[in-house]
Structure formats: structure tokens, C-alpha cells
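Listed here are the chains, written in short residue letters.
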Amino acid sequence: MTNTSQQVGWEFWGSELKNRREGAGLSQEELGRRLFASHALISRFESAERRPRLDMAIQIDQVLETDGFFERLCRKLLEASPYESYFAPVAELEALATKICDFETTLVPGLMQTTAYAHAVMMAADPLAPDEVLDERVTARRDRARLFKSPSQPEYWAIMHENALRTPVGGAACMAEQLDCLTTRMRSRQVLIQVIPTTHGAHAAMSHAMKLLEFADAPPTVYTEGMFWGQLLDDPAMVKRAMATYDLLRAAALSPEASLTLIESAAEGYRTR
């Protein structure tokens, strides 16, 4: 399914939500209250500006008594996405965020991966995948980086463990290119990057990557991911805990200036191999 047909599908999903909500005699505000969501979020679903998570589609079916209609259509559209079903809503939210804070333990965050680096990561995860499948996945990941060229580019902050710099994903040339890309973005002030050095020892998120997203007119949310699963959390207490954890990671990391020096040194090391 192409991006255009996917958008048409989500527009149909949103128009059906509006039709069935109005058929049930509910305003956006009333439906939002029943779903423990804001009326602004309902409005964005109906205009296809936001794509719902699967659990939200299930809740909508329950409130509107639509016998699984919205869940089935949501599943179909998510399965047609180039992203894993659990990540598709996150990719949508990145484009709407005013601030994104990434933390990775072993990899360069996806938003900043070069084509060669992303290809090496995906090849390692699925070595028997056909070239066209890998190319589609890499393109989808790289497309997410378009937000750095948007007039409404979000503030972007990334914290990485030094392991991400030292693991030679794709070989020395690939890593040199990848790290040069990071330093270019840092020097152009597109991003803030900090590195937690291996000498620091234990830190607040030893085995958990996370992504914090903030919005102009919606509550913040946090995304966590493991092998073959991902979870978006918008419970205020959980988001508050995640933000506190990110603060601890900032405190453990080198300053942006020292991190830039370390990344440049690592890139030079790969170039001289």
C-alpha cells in the first residue's frame, strides 16, 4: 500500500468515526470524555491528522458499539505500513512533536541513521529478507528524518551510550560516515547529542531505549521498545517517571561539547583503520 493510499485509508477511518459518532448523538467532547481523551485528539482522528493506536480503536468500538469495525480497519492500515504495527503511531507523532528526546543504549537513534547504517542494522535483524523489503524499510526510516528539514522542526535531544559509537555497525567506513553525520548535525545546531561514557558505569536506563515526545496542544507521551514489541505510554505518572529518568541520563552524560569531541575522535579512529 502506497503512502497516498494509506492516507486515503486513514481519511476514511476518520470520516467514519465522525459519521458514527454523530449517529450516536455524541459530540467530540463527549466521546473524548468516554475515552479519557481530549476533544482535540478526537478532532485530529477525524481529520486524519493523527492516527490512532490499536487500543484506542478498540475502545472506540466499545463506546460506539460498532462491532469491531474501527479495530479491523485500524489493523489493516497498520499492517500495510512500512513500520512495525507498534511503531507506526510513533512515526506519526514524531512529525507532530515540538520536542523529541531519544535515548539509545547500543545504536544511533533511528532519526539520525544514515542509509548504510540503517541497512546494516536491518540486514542483521533479518538476514534472509529480500533486497526490496530491506530497501523499503530503510527508506521508511530515512523518510522520518525529513522533520529536520521542516520549518516546524522539533527541538531534538539525543543521549547515547558510548557503546553506540564503538560497535562497528556496517564496518569502519559505514561508522565513519555515520559519526560524521552526527557531528555535522551537531555543528549546524540541528540537534543536541550527549554521550554516556563507558567509564561512568551504571546509569538510570541500563537496558531500555526510550523516546519522549512533547506537543504544543497535547500531553507528552513516552515510547519504550523491546524485541518485537513497543509501547506508547501517556499516563501522566508514567510520563513523569520517564522524564525523571531522562534527567538522570543527562546528568550521567558528557556535556554536548565533550560529546562532540568524543564522537569526532571515534569517527577519526574508524577512518584510520
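Residues numbered from 1 in each chain as written. Predicted model: local features only at pLDDT ≥ 70, side-chain atom pairs only at ≥ 80, totals over all residues. Heavy atoms only, no water.

## Topic: the pattern of salt bridges
(1) Moving on: One pass over the full model with this rule turns up 19 salt bridges.
(2) Moving on: When the shortest N-O distance is used, the salt bridge between R33 and E30 registers 2.6 Å. Linking R33 with E30, this pair stays in helix 2 (residues 28-35), spanning three residues, or about one helical turn.
(3) Moving on: Residue R33 is classed as exposed on the basis of its relative accessible area of 54%.
(4) Moving on: Residue class for E30 comes out partly exposed when judged on its relative accessible area of 21%.
(5) Moving on: Residue E92 is joined to R51 by a salt bridge in which the shortest nitrogen-to-oxygen separation is 3.3 Å. (Salt bridge = Lys/Arg side-chain N within 4 Å of Asp/Glu carboxyl O. Helix = DSSP H or I, 4+ residues; strand = E, 2+ residues; numbered from the N terminus. Buried < 20%, exposed > 50% of the residue type's maximum accessible area, 1.4 Å probe, protein only.)

## Quick word on the packing of aromatic side chains
(1) Moving on: The tally for this structure, following the rule as stated, stands at seven aromatic pairs.
(2) Moving on: Seen in terms of ring centroids, F87 and Y223 are 5.6 Å apart; in terms of plane orientation they differ by 70 degrees. Their pairing is edge-to-face. Note that F87 is positioned in the loop between helix 5 (69-79) and helix 6 (88-94) and Y223 in strand 5 (residues 221-226), a separation of 136 residues in sequence.
(3) Moving on: Judged by relative accessible area, F87 falls into the buried class, the value being 11%.
(4) Moving on: Its relative accessible area of 4% is what places Y223 among the buried residues.
(5) Moving on: Cluster of aromatic residues (ring-pair linked, three or more members): W10, W13, F45, F69 and F70. (Phe/Tyr/Trp six-rings, centres within 6.5 Å; stacked < 30°, edge-to-face > 60°.)

## Side note on the pairing of strand 2 (residues 155-161)
(1) Moving on: Of all seven residues in strand 2, six are buried; the element is thus mostly enclosed.
(2) Moving on: Pairing geometry for strand 1 (residues 99-104) and strand 2, over six bridges, is parallel. Within strand 2, the position partnered with D102 by the bridge is A158.
(3) Moving on: As paired elements, strand 2 and strand 3 (residues 192-196) share five bridges and run parallel to each other. The partner of I159 across the bridge, within strand 3, is Q194. (Pairing = 2+ DSSP bridges.)

## Quick notes on unusual backbone geometry
(1) Moving on: With a phi close to 65 degrees, A48 is a non-glycine residue in the positive phi region.
(2) Moving on: Counting through the fold element by element, A48 comes out in the loop between helix 3 (39-46) and helix 4 (54-64).
(3) Moving on: Here A48 falls in the buried class, since its relative accessible area comes to 7%.
(4) Moving on: The backbone of E65 sits at a positive phi, close to 55 degrees, despite the residue not being glycine.
(5) Moving on: Tracing the chain through its elements places E65 in the loop between helix 4 and helix 5.
(6) Moving on: Given a relative accessible area of 72%, E65 falls into the exposed group.

## Quick notes on helix 2
(1) Moving on: By the burial criterion, the buried members of helix 2 are Q28, L31, G32 and L35. The arc that holds every buried residue of helix 2, seen down its axis, measures 100 degrees, which confines them to one face. (Arc of directions from axis to C-beta.)

## Notes on the nonpolar core
(1) Moving on: One finds M112, L179 and I193 to be the most contacted residues of the largest nonpolar core, which totals 40 residues.
(2) Moving on: Those elements that provide at least two residues to this core are helix 6, helix 7 (115-125), strand 2, helix 9 (163-166), helix 10 (172-187), strand 3 and helix 12 (256-271).
(3) Moving on: When sequence neighbours within four positions are dropped, the list of residues in contact with L179 reads L165, I263, A266, A267 and Y270.
(4) Moving on: Grouped together as the second largest cluster of nonpolar side chains are 22 residues, L26, A37, L73 and L78 included. (Core = buried A, V, L, I, M, F, W, Y, C linked by side-chain atoms within 4.5 Å. Contact = heavy atoms within 4.5 Å.)

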